[in-house]
Amino acid sequence: MNVAVKSAEKPKGEHKTPQVIKKVGVIGAGQMGTGIAHVIALGGYSVALNDLKKEKVDESVHTIEKFMRRQAEKGIITEGDVKPALKRISYAPNFEAFADCDLIIEAATEDEAIKRKIFADLCKNLKAGTMLATNTSSISITRLASTTDRPEHFIGMHFMNPVPLMELVELIRGIATDDDMFALTRTFVESLNKKVAVSEDFPAFIVNRILLPMINEAVYTLYEGVGTVEAIDKAMKLGAHHPMGPLELADFIGLDTCLSVMQVLYEGLSDSKYRPCPLLVKYVEAGWLGRKTQRGFYDYRGEKPVPTR
Ligand SMILES: NC(=O)c1ccc[n+]([C@@H]2O[C@H](COP(=O)([O-])OP(=O)(O)OC[C@H]3O[C@@H](n4cnc5c(N)ncnc54)[C@H](O)[C@@H]3O)[C@@H](O)[C@H]2O)c1
């Protein structure tokens, strides 16, 4: 699959927007990097997937295969789509392996220091035209772009979890993002059968600016003894028709990610209404991060999830 866009005739700096996207690098093979690699490979693009350890990428490719097979069973894709898509995914042991990528999507842990270091290291290895995107849930795109040598070719590309199922991708321009780059990435996202919502670059953008304070409030509701874990989730599922309860959803997102987003909102908007609930902090300090560590507001180690309070 190649995605191309017509270039507007205007002067450019050193980094020209590439005209096509053929190969995409993905940094971070956690739940989001895995989902992103899945949809990009199915979209017909080559994918190079990187994480701190090779085992993490192996695990990720295994998850992708399982999920694709399930999609084929359900008739969402064909059996014949699976093998070629998996063949398009390769392991990137380091950032040098991204040298021939046209676009790199960073989906590492939601921690600004980690992301800044990744982008600083990454730029040393890239060709001039390579475009950069971050899947951050909350951190300023403009600030992350400023750590690179190509802020005009840097964008927020916020996929939703689980990526193969969710229709939306938020696109967020940094202050310097080039119009051609924006158009090209929009075409790319749409080629993955996703819909785009454009957000301005403010803390947590649109979806998480609204969603995460709701989840944080659910944790306060638990903390203050207004309801139990089960009562809170049941209330929001049956009383507000949410498909998942807020605490179940927090476990699904990852409590570390939820806490990071609340910290970005609290600090970025200097408003006490975004204060992370101390109980959320305690869970993260315990390493009870939700589904990914088998324990959060529910314990997932048994046959069915059991509330932890
Ligand atoms: N979880 C969600 O629901 C969700 C939704 C949308 C966006 N996001 C965003 O996506 C990003 C990833 O979140 P996630 O839920 O996949 O987290 P995760 O904890 O499942 O995965 C993060 C991965 O990044 C890897 N990593 C950390 N430092 C790295 C480095 N220096 N180089 C390479 N890999 C590194 C970790 O080993 C881990 O595999 C975050 O920015 C998060 O805010 C998350």
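Residues numbered from 1 in each chain as written. Predicted model: local features only at pLDDT ≥ 70, side-chain atom pairs only at ≥ 80, totals over all residues. Heavy atoms only, no water.

### A word on the side chain of Thr34
Its place among the elements puts Thr34 in helix H1 (residues 31-42). Within polar-contact distance, the side chain of Thr34 engages the backbone oxygen of Ala29 at 3.2 Å. Excluding its chain neighbours within four sequence positions, the residues that come into contact with Thr34 are Ala29, Ser60, Thr63 and Ile64. (Helix = DSSP H or I, 4+ residues; strand = E, 2+ residues; numbered from the N terminus. Polar contact = N/O pair within 3.5 Å; in protein donor to acceptor, adjacent residues only side chain to side chain. Contact = heavy atoms within 4.5 Å.)

### A few points about the sheet that holds strand E6 (residues 103-106)
Within the open sheet, the eight strands sit side by side as E5-E4-E3-E6-E7-E8-E9-E10. Their pairing is mixed. Only two strands of the sheet have a single neighbouring strand rather than two, namely strand E5 (89-91) and strand E10 (195-199). Direction aside, the axes of adjacent strands within the sheet are offset by 25° on average. Both strand E7 (residues 131-134) and strand E8 (residues 154-159) contribute to a ladder of three bridges, which runs parallel. Among the inter-strand pairings, Ala133 is bridged to a residue of E8, identified as Ile155. (Pairing = 2+ DSSP bridges. Axes fitted to C-alpha atoms, helices over the stretch in contact; angles between N-to-C directions.)

### Observations regarding helix H2 (residues 54-73)
When the terminal C-alpha atoms of H2 are compared, their 29 Å separation across 20 residues agrees well with the 28 Å that a helix rising 1.5 Å per residue should span. Summarising the contacts, the buried residues of H2 are in contact with H1, strand E4 (46-50), helix H3 (79-87) and E5. Two residues or fewer after H2 comes Gly75, characterised by a positive phi angle close to 80°. (Expected span 1.5 Å × (residues − 1).)

### Examining the nonpolar core
Proteins that are soluble and globular tend to have nonpolar side chains buried together. Val24, Ile40, Leu103, Ile105, Met157, Phe159 and Phe188 are the most contacted members of the largest nonpolar core, which totals 40 residues. A per-element tally of this core places H1 first, with six residues. Once residues within four sequence positions are removed from consideration, Leu103 is found in contact with Ile21, Lys23, Val24, Gly25, Thr130, Met131, Leu132, Ala133, Met157 and Phe188. Of all hydrophobic cores here, the second largest spans 27 residues; its members include Leu249, Leu255, Tyr274 and Leu279. (Core = buried A, V, L, I, M, F, W, Y, C linked by side-chain atoms within 4.5 Å. Buried < 20%, exposed > 50% of the residue type's maximum accessible area, 1.4 Å probe, protein only.)

### Observations regarding the pattern of salt bridges
Between side chains of opposite charge, a pair can form as their charged atoms come close. According to the stated counting rule, one finds 16 salt bridges in the structure shown. Two residues, Asp256 and Lys292, come together in a salt bridge whose shortest N-O distance is 3.0 Å. Pair noted here: Asp256 is in helix H10 (residues 255-269) and Lys292 is in the loop between helix H11 (278-286) and strand E11 (298-299), with a separation of 36 residues, a long-range link. The network of salt bridges with common partners includes Glu65, Arg69 and Glu79. (Salt bridge = Lys/Arg side-chain N within 4 Å of Asp/Glu carboxyl O.)

### Some words on the UniProt feature "binding site: NAD(+)" (unreviewed entry) in the protein
The UniProt entry lists Gly28, Ala29, Gly30, Gln31, Met32, Gly33, Asp51, Glu110, Lys115, Ser137, Asn161 and Lys292 under the feature "binding site: NAD(+)" (unreviewed entry), expressed in the numbering used here. Assignment of secondary structure puts Ala29 in the loop between strand E3 (23-27) and H1. Apart from the residues lying within four places of it in its own chain, the contact partners of Ala29 are Thr34, Leu49, Asn50, Asp51, Lys56, Val57 and Ser60. Tracing the backbone through its elements, the reader meets Asn161 in the loop between E8 and strand E9 (168-173). When residues no more than four places from it in sequence are discounted, the contact partners of Asn161 are Gln31, Met32, Met166, Phe252 and Ile253. (UniProt positions renumbered as here; feature names shortened; annotations may be inferred.)

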